[in-house]
Amino acid sequence: TFVEVGNPIAGSVGLTMWTDDVGLVDDGRITLVGPDISESESDSMAFAQVLLAGGPMLSAADQGVLQQCQHVGDEVEGYMLKSTADSLWGRVSRTAAAAGFDFETLGRAYLHLLKTALPRATAAEVLFVTAGKAEVKSLSALAERSRATGTEMVTEVWRDQGYDVDCSLDCSVCESKPVCDDVREVLAARKADTRVRSPMLRTVDG
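Residues numbered from 1 in each chain as written. Predicted model: local features only at pLDDT ≥ 70, side-chain atom pairs only at ≥ 80, totals over all residues. Heavy atoms only, no water.

Scanning the entire structure with this criterion turns up five salt bridges. The salt bridge involving Arg29 is made with Asp26; its shortest N-O contact spans 3.9 Å. Residue classification places Arg29 among the partly exposed positions, given a relative accessible area of 43%. One salt bridge connects Lys115 with Asp27, and the closest N-O pair in it is separated by 3.2 Å. Of this pair, Lys115 sits in helix 3 (residues 103-117) while Asp27 sits in the loop between strand 2 (12-19) and strand 3 (30-33), and the two are 88 residues apart along the sequence. For Lys115, a relative accessible area of 32% puts it in the partly exposed group. For Asp27, a relative accessible area of 42% translates into the label partly exposed. (Salt bridge = Lys/Arg side-chain N within 4 Å of Asp/Glu carboxyl O. Buried < 20%, exposed > 50% of the residue type's maximum accessible area, 1.4 Å probe, protein only. Helix = DSSP H or I, 4+ residues; strand = E, 2+ residues; numbered from the N terminus.)

Quick look at the structure:
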């Protein structure tokens, strides 16, 4: 590891917000407040990450997808992310740092992920804060309010679909995620098998 961002001692905050007023989001903008990866004076940095999405068609139904977008670690080479419902703890490898990995690289990955996962988001913006623990923690109250509102949205969406869910509603940190992933793989395999066999069955029946 070249540097850790957001470890429990240094402090971290993760925050996602969306709006149907696209004018409030500067599409494609990546802002860094504090030192970049190569400028780190130690092997640990405080870390805050804010994802903003805008789109006239966005609604509460998109909240769950947006929350998942803050966990991009497995999709960026050289960057590993360990997260909980209220914190982000990332690690940048020495190889990635030597190759020039920086927060712009990470930000571009987030912008791509957000736009891909949430096509109705016509604008996306990312803010990173590494200036220090106090600066990062200053976002904690806002993050807590945003998280509470987001949880209410997701809960209501699931309830409208007939599900009474009692969990963190964040699949990326759920202990049962591996089971759900396995179920999805089985269902996908069965659907693919059905698509392959169906034309032959219709030919025989005809």
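Summing up the model confidence of the chain, the mean pLDDT is 79 and the portion of residues at 70 or higher is 68%. The secondary-structure element of the chain with the lowest mean pLDDT is helix 6 (residues 177-205), recorded at 55, while strand 3 shows the highest, at 96. Of the regions scoring below 50 in pLDDT, residues 195-206 engages in zero contacts with residues more than four places distant in sequence or in other chains. (pLDDT = per-residue confidence, 0-100. Contact = heavy atoms within 4.5 Å.)

Take the pairing of strand 5 (residues 47-54) next. Most of strand 5 sits out of view: seven of its eight residues are buried. Where strand 2 lies against strand 5, eight bridges are found, and the strand directions are parallel. Bridged to Ser12 within strand 5 is Phe47. Here strand 5 runs beside strand 8 (residues 123-129); their pairing, made up of seven bridges, is antiparallel. Across the sheet, the residue bridging to Val50 is Leu127, located in strand 8. (Pairing = 2+ DSSP bridges.)

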